[in-house]
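Residue-level structural notes
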Amino acid sequence: MNAIVATVIFGLLLLALMLASLRLVIGPRAADRVVALEVIASIMIGMLATYAVFYRVPQALDVAMVLALTGFLAAIGVSRYLVQRVVQDEREAADKEKK
């Protein structure tokens, strides 16, 4: 029974991973790609947690925690970059209008 449940969970997470990867490739804006990367990181955390529970490997939870922290920090960094880029573009547009 546990093997069937684990297989179903891994299958659904794999499907979600493929859809998020598609969004990463197709995503028309950088913000879409950042969200897709965050979703992919979350799915990988879910896979690691599922693996840790069903196969009794508690070390995988440590890896999942590090992945969660790394993904969070990366999302913050990229978000700050995107916001600064938008602000800079707005300032350049305002400067062109003044001239």
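See the structure shown above.
The sections below set out a description of the structure shown in this document. Bear in mind the structure is a predicted one, so any value in this text is a computation, not a measurement. (Residues numbered from 1 in each chain as written. Predicted model: local features only at pLDDT ≥ 70, side-chain atom pairs only at ≥ 80, totals over all residues. Heavy atoms only, no water.)

**Regarding the packing of helix α2 (residues 30-54) against helix α3 (residues 59-98)**
The following threshold applies: A fitted line through C-alpha atoms represents every axis, and for helices the fit uses only the stretch in contact; the resulting angles, taken between N-to-C directions, go from 0 to 180 degrees. Each helix corresponds to a stretch of at least 4 residues labelled H or I by DSSP, and each strand to a stretch of at least 2 residues labelled E; elements are numbered beginning at the N terminus. Geometric relationships in this document are graded by angle, where less than 35 degrees denotes roughly parallel, more than 145 denotes roughly antiparallel, 65 to 115 denotes roughly perpendicular, and other angles denote oblique. It only takes one pair of heavy atoms within 4.5 Å for two residues to be counted as in contact. Amino acids are sorted into nonpolar (Ala, Val, Leu, Ile, Met, Phe, Trp, Tyr, Cys and Pro), charged (Asp, Glu, Lys and Arg) and polar (every other residue, Gly among them).
It is the contact of α2 with α3, at a shortest axis distance of 9 Å, that shows an interaxial angle of 175°. Taken as axis vectors, α2 and α3 run roughly antiparallel relative to one another. Note on element contacts: α3 touches α2 through Ala60, Leu61, Val63, Ala64, Leu67, Ala68, Gly71, Phe72, Ala75, Val78, Leu82 and Arg85, opposite Ala30, Ala31, Val34, Glu38, Ala41, Met44, Ile45, Leu48, Ala49, Tyr51 and Ala52. Across the contact of α2 with α3, the residue classes tally to 20 nonpolar, 1 polar and 2 charged.

**Points about the layout of surface pockets**
The criterion, for reference: Both site types are read off a 1 Å grid over the protein atoms alone. A 1.4 Å probe that fits but cannot get out defines a cavity, while an open set with protein on both sides within 12 Å along at least five of seven lines defines a pocket; lining residues have an atom within 4 Å of a point. Grid points are joined across faces, edges and corners, and a volume is the space filled by probe spheres set on the points.
Of the pockets and cavities examined, the largest pocket occupies roughly 160 Å³. When contributions to the lining of the largest pocket are tallied by element, the ones reaching two or more residues are α2 and α3. At 5 residues, α3 tops the list of elements feeding residues into the lining of the largest pocket. Residue composition of the lining of the largest pocket, by class: 6 nonpolar, 2 polar and 1 charged.

**With respect to the packing of aromatic side chains**
The line we're drawing: Ring pairs are drawn from Phe, Tyr and Trp, using the six-membered ring of Trp, whenever the two centres fall within 6.5 Å, and their geometry is named by plane angle: stacked under 30 degrees, edge-to-face over 60, tilted for the rest. Whether a residue is buried, partly exposed or exposed follows from its accessible area with a 1.4 Å probe, protein chains only, as a fraction of its type maximum: under 20%, in between, or over 50%, in that order.
This model, assessed by the stated rule, comprises 1 aromatic pair. Ring geometry for Tyr51 versus Tyr55: centroids 5.3 Å apart, planes at 40°, classification tilted. A relative accessible area of 39% places Tyr51 in the partly exposed class.

**Here's the deal with the side chain of Asp32**
Note on placement: Asp32 falls in helix α2. The exposure class of Asp32 is buried, given its relative accessible area of 18%. Beyond its immediate sequence surroundings of up to four residues, Asp32 is in contact with Arg23 and Gly27.

Limitation: the analysis is restricted to geometry and does not speak to function.
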